[in-house]
Amino acid sequence: MRHRYLKNVATLKLDREKCKGCGKCIEVCPHKVFALSADKAEIMDRDGCMECGACAGNCPFGALEVKPGVGCAAAIIMGWLTGSEPSCDCSSGDSSSGCC
């Protein structure tokens with residue numbers, strides 16, 4: 001079973017112009033978010049990204065950007081721990097909730 005997170009909230013960004021196709025992101029991503037396509041990385045499963053930052057931290061070309069440890073990941077973990085529905089709605093601006 002693939003891990004699923006909140007839809008369309010991952011902060012992951014890929015600059016394909018900077019990507020040289022080295023495959024480091026594929027090696028370090030624990031959820032197999034990336035694949036190589038036309039000798040460059042491609043995000044295949046953005047909603048599978050847990051925002052750990054391993055890809056961006058290991059990209060020697062600076063082609064990846066992600067905000068590791070942001071509120072969405074915390075919301076998911078808290079939802080699992082408390083049995084509640086995770087929410088990454090940061091529109092209230094309340095940083096005390098652990099969001100973003």
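Residues numbered from 1 in each chain as written. Predicted model: local features only at pLDDT ≥ 70, side-chain atom pairs only at ≥ 80, totals over all residues. Heavy atoms only, no water.

## Focus on the overall build of the protein chain
Note the threshold: A run of H or I in DSSP counts as a helix once it spans at least four residues, and a run of E counts as a strand once it spans at least two, with each numbered from the N terminus. Only protein chains enter the area calculation, which uses a 1.4 Å probe; residues under 20% of their type maximum are buried, those over 50% are exposed, and those in between are partly exposed. Here, two residues are considered to be in contact whenever any of their heavy atoms come within 4.5 Å of each other.
Counting secondary structure elements, the protein chain contains three helices and four strands. Each helix and strand of the protein chain, ordered N terminal to C terminal, gives the series β-α-β-β-α-β-α. The proportion of buried residues among the 100 residues of the protein chain is 33%. Taking all contacts inside the protein chain whose residues are at least 6 apart in sequence as the whole, residues at least 24 apart take part in 53%.

## Section: the pairing of strand 2 (residues 34-37)
Consecutive side chains of a regular strand alternate in pointing toward one face of the sheet and then the other. Quick reminder of the rule: Only strands joined by at least two bridges in the DSSP assignment are considered to pair.
Sheet analysis places strand 2 next to strand 3 (residues 40-43), joined by four bridges and oriented antiparallel. Its bridge partner being in strand 3, A35 is matched across the sheet by E42. Turn length for the strand 2-strand 3 hairpin, with the two strands adjacent in sequence and antiparallel, is two residues, and the turn residue A38 shows positive phi of about 55°.

## Some words on the confidence of the model for the protein chain
This is how the line gets drawn: You can read pLDDT as the predictor saying how much it trusts each residue, on a scale of 0 to 100.
With 72% of its residues at a pLDDT of at least 70, the protein chain reaches an overall mean of 81. When mean pLDDT is taken per element in the protein chain, strand 3 scores highest with 97 and helix 3 (residues 71-82) scores lowest with 72. Confidence over residues 90-100 falls short of pLDDT 50; this stretch has ten contacts with residues more than four positions distant or in other chains.

## Description of empty space enclosed by the protein
Empty space among the atoms becomes visible once a probe the size of a water molecule is rolled across them. Filter applied, for reference: Site definitions follow a grid-based scheme: protein atoms alone, a 1 Å grid, a 1.4 Å probe that fits but cannot get out for cavities, and for pockets an open set with protein on both sides within 12 Å along at least five of seven lines, plus lining residues having an atom within 4 Å of a point. Grid points are joined across faces, edges and corners, and a volume is the space filled by probe spheres set on the points. Residues are grouped as follows: Ala, Val, Leu, Ile, Met, Phe, Trp, Tyr, Cys and Pro are nonpolar; Asp, Glu, Lys and Arg are charged; all remaining types, including Gly, are polar.
Scanning all chains against the criterion turns up two cavities of 30 Å³ or more. By volume, the largest cavity is sized at about 100 Å³. Tallied by class, residues from the lining of the largest cavity come to twelve nonpolar, two polar and two charged. Empty space within the second largest cavity amounts to approximately 80 Å³. Considered class by class, the residues forming the lining of the second largest cavity number nine nonpolar, three polar and one charged.

## Things to note about a nonpolar patch on the surface
Applied cut-off: Grouping into patches uses exposed residues only, defined as over 30% relative accessible area, and leaves out salt-bridged ones; the cut-off is 9 Å for like charges and 5 Å for nonpolar side chains (Val, Leu, Ile, Met, Phe, Trp, Tyr). Here the open area of atoms and residues is found with the Shrake-Rupley method and a 1.4 Å probe, where only the protein chains shown may cover a residue. When a carboxyl oxygen of Asp or Glu is within 4 Å of a side-chain nitrogen of Lys or Arg, the pair counts as a salt bridge.
Side chains of I77, M78, W80 and L81 sit close together on the surface and give an oily, nonpolar patch of about 480 Å² of accessible area. Here L81 lies in helix 3.

## Things to note about the environment of L12
Tracing the sequence through the fold places L12 in the segment before strand 1 (13-14). C-alpha of L12 to C-alpha of K67: the two residues are 55 residues apart in sequence and 7.3 Å apart in space. Each residue touching L12, except ones within four places of it in the same chain, is listed here: V33, F34, I43, R46, C49, C55, L64, E65 and V66.

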